[in-house]
Each structure stands twice: as C-alpha cells, then as structure tokens.
Amino acid sequence: MNWKKWIATIICIGLIGSAVQSCNEAVPHRRRRDVSPTPTPKHEESIDIPDYAYAFVNESIYQNLLSAKSNFEAFFKNGDTASQIRNHGTELSHSNAEYIRKNMKGIYDAICGYITAFDKKDVKSCCRYAESLYEDYYYALSREYLYTVLVEPKLPSQYRGGFSSDTYDNNGNIRLQNGNLLFVLGGSDDIIEPTYYSGDYFTDMYFRSEYFRNLPSNIIDQYSVFKNTAWTDGVCYVMNESKVERYISGEWDALRREAQSMYGCNTRDVRVLPNGDGTYRFDDGNKNGLLTGEQNTRVNRIYALQDAMVAEKGNPGTVHDDIKAIAGKYPAFEYIRF
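Figured I'd write up the structure that's included with this text.

A word on the sheet that holds strand β3 (residues 181-184)
In spatial order, the strands read β1-β2-β3-β5-β4-β9; together these six strands make up an open sheet with mixed pairing. For this open sheet the edge positions go to β1 (163-168) and β9 (313-314), each flanked by a neighbour on one side alone.

Digging into unusual backbone geometry
The backbone of lysine 121 shows a phi angle near 60 degrees, a positive value even though the residue is not glycine. With respect to the helices and strands, lysine 121 occurs in the loop between α6 (94-119) and α7 (123-139). Overall, lysine 121 belongs to the partly exposed group, its relative accessible area being 42%. A positive phi angle, near 55 degrees, is found at glutamate 312, a position not held by glycine. Tracing the backbone shows glutamate 312 in the loop between α11 (293-311) and β9.

Observations regarding the side chain of glutamate 193
Residue placement: glutamate 193 occurs in the loop between β3 and α9 (201-218). Overall, the relative accessible area of 16% leaves glutamate 193 in the buried class. One polar contact links glutamate 193 to arginine 143, side chain to side chain, over a distance of 3.0 Å. Those residues within four positions of glutamate 193 in sequence are excluded, and the remaining contacts are Arg143, Phe163, Tyr168 and Ser188.

Let's talk about the pairing of strand β6 (residues 271-274)
The pairing of β6 with strand β7 (residues 280-283) spans four bridges and is classified as antiparallel. Counted as the bridge partner of valine 272 is phenylalanine 282 from β7. Connecting β6 to the antiparallel partner β7 that follows it, the hairpin turn spans five residues, and glycine 276 within it adopts a positive phi of roughly 95 degrees.

Quick word on the side chain of glutamine 295
Mapped onto the elements of the fold, glutamine 295 is located in helix α11. Here the side chain of glutamine 295 touches glutamate 258 through a polar contact of 2.8 Å, side chain to side chain.

What to know about the nonpolar core
Core analysis: the largest hydrophobic core is formed by 60 residues, its most contacted members being Ile100, Tyr114, Leu141, Leu182, Leu215 and Ile219. Ranked by residue count, the leading element in this core is α6, at 13 residues. The contact partners of leucine 141, leaving out residues within four places of it in the chain, are Tyr99, Ile100, Asn103, Met104, Ile107, Asp136, Leu146, Tyr211, Leu215 and Ile219.

Regarding the packing of aromatic side chains
Following the criterion strictly, the structure yields 20 aromatic pairs and no others. For the pair phenylalanine 75 and phenylalanine 76, a centre-to-centre distance of 5.9 Å together with 70 degrees between the ring planes defines the contact as edge-to-face. Overall, phenylalanine 75 belongs to the buried group, its relative accessible area being 0%. Classification of phenylalanine 76 by relative accessible area gives partly exposed; the value is 26%. Between tyrosine 263 and phenylalanine 282, the aromatic rings sit 6.4 Å apart at their centres with planes inclined by 55 degrees, giving tilted as the arrangement. Of the two residues, tyrosine 263 sits in helix α10 (residues 241-263) while phenylalanine 282 sits in strand β7, which places them 19 residues apart along the sequence.

With respect to the pattern of salt bridges
A side chain with one charge may pair with a side chain of the opposite charge, provided their charged atoms come close. Evaluation of the coordinates by the stated rule reveals 16 salt bridges. Measuring nitrogen to oxygen at the nearest pair gives 2.7 Å for the salt bridge that ties aspartate 80 to arginine 101. Of the two residues, aspartate 80 sits in the loop between α4 (59-77) and α5 (81-87) while arginine 101 sits in helix α6, which places them 21 residues apart along the sequence. Across the salt bridge formed by aspartate 221 and arginine 246, the nearest N and O atoms sit 2.9 Å from each other. Taken as a pair, aspartate 221 in the loop between α9 and β4 (223-228) and arginine 246 in helix α10 lie far apart in primary sequence, 25 residues in all.

Basis of the calculations
Residues numbered from 1 in each chain as written. Predicted model: local features only at pLDDT ≥ 70, side-chain atom pairs only at ≥ 80, totals over all residues. Heavy atoms only, no water. Pairing = 2+ DSSP bridges. Helix = DSSP H or I, 4+ residues; strand = E, 2+ residues; numbered from the N terminus. Buried < 20%, exposed > 50% of the residue type's maximum accessible area, 1.4 Å probe, protein only. Polar contact = N/O pair within 3.5 Å; in protein donor to acceptor, adjacent residues only side chain to side chain. Contact = heavy atoms within 4.5 Å. Core = buried A, V, L, I, M, F, W, Y, C linked by side-chain atoms within 4.5 Å. Phe/Tyr/Trp six-rings, centres within 6.5 Å; stacked < 30°, edge-to-face > 60°. Salt bridge = Lys/Arg side-chain N within 4 Å of Asp/Glu carboxyl O.

Encoded structure:
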C-alpha cells in the first residue's frame, strides 16, 4: 500500500485538518499512569501530529509494532511482568514493580490501538495512538528509567549516577556526571545509552517503535560488572549477559543449519563434539562430519564467552571483540525467555 499517497489524499480532502482537534485530545485509553518514575524527565514540547502525519502513520512503524505486539503477548503469557523481572535477577521495589507492570500493559494497549486503527485506515485514531507511544518512550519506560532499575543498582557505588552531557570519550567510554567511566562490552546497548533524538519525527518515531519491539526482551535482561584482570584503567566494564546469550543461541542455531547443509545432519539432534585435538565435529547420532576452520573458530569463541560470563572477569578487550564478532549477525528482536 502506498501510504504517502493515501495520506496525501486525506490531506487534500480535509481529513487531516479535521484531525487536529482529535490529535490534541487525550488519548482514549490513558495518558499517565499513577506511579511516577525516578527521576522524572523533563516534558517535551507538544507535537503537532497533523503536520507530520506520515512520520507517525506509515508501513515501517506498523511492521515494527506488529512485531512488538507479538513479543508483548509472548511476554505476558509467561507470567506477571514484575515476577519475570525478579526471576531474572533484578530486585524491584513495590513501587517500581507496580509502575513497570502498569506501563507495560499501557504500552501494549496503545500498540494494539495503533494496529487496529491502521488496519481500518483511520488516520486520526492512528495519530492519537502514535502520539501516546511517542511520549511513552520518554515518560513511561524510558532508557533512563530502566537504567536506574536494571543496571545502576548492580554497579559499584562510585559508578552510579547520570550520564554526562558529553556522553562518550575518544575510547567509547561513557562519561558519568561524577567523572567516572563506564564501558559496555560488545558495543551499544538498548538500555545503557542516552535517549536518542534526531530532531526528525519520522526518524525518532521509527527508533521508538524499534525500542518497543525489543522491550519485552530488554526488560528482563541481566547485567553484570566484568572485572578487568588484564590492566588497570579505572573503567567499570558492564556486560549484558542476556544479550550475549541471545547472540550465542543464534550462533549455535546457525552452526546446526550448516551441519544439515554440509552433512545432512538433523538440526534437532546434531551436537558439536570435540575431536581431542582442539577441533570439533558435527554428530547427530547417525551422520557426522568435521567442522571447517572457520566453524572451529566460532565454537571456540562461544566457549570463551560462556567461560567469561561465568567467571565475570578476564580481558575485557578480548571479550568485547568476541561479542562484536557475533553481535548483529543474529539480531534478537523476538522475546526469548531463558
């Protein structure tokens, strides 16, 4: 469907003009929940939705929110929101638990409202739900808020606090307001980053729809501090262990598919077994074959990363490079419960 042409037609016949009042009214299902996050962010300028209709109502946003809806529903099927977060190693106060629980439900409702309105070609309702989601990214479950809940309590006291306005130094370390430095192993993280603003509604809304698509996985991510035993630099190294596990899971799945392609192995039963000389073979009980040199390297990388996560110490440079070697190859957009 050509959404630009569709919205342009609507503008021409005056529908968008009639949407001005509707888009500035309160969103049907809710506007704010009754538990305030800490810290409370500054209010953004109000959005003149009709002037940027295509930025909020388009196929790209719709597809991201369809995936988000599926991920939210898979998440909710696995139990209470706060209980899932606690079961993954994060302590929650009663107020934070209630706040997250209500906002996850509120965001899901807005996603469903957007999808329904989009399917009905109801641009006015679509705009209202889009405005709600646009604001929820900052006012409900923002990066900043989730950082204070999921990450900051696990850091040494001297590395707690907000990010500096000049966020990164030349080495990719995150500057804190107190002058200390954090480094995220493997590169960027959905939570340990300042809120992204491009100044362009289309770009920002697309980014936020991606954020909601991944939120059901991100909200149960487990973070840990990784001790640098290779050198002393005063930097606090942080690992998102859940994200690394998702990358590793994707790498194993890829190797199983390659075993099927190379030797006809059953992807369900195939295992990677050591040969005793530092190399490995595929074996499903019936068929088997040697791994290539490149595949041996990937298996050794997986085992090294798993050892590093268990020990929570080692050479951060090596671990960082190993994570980056598989990061992005298997993007974990779907909700996964470990």
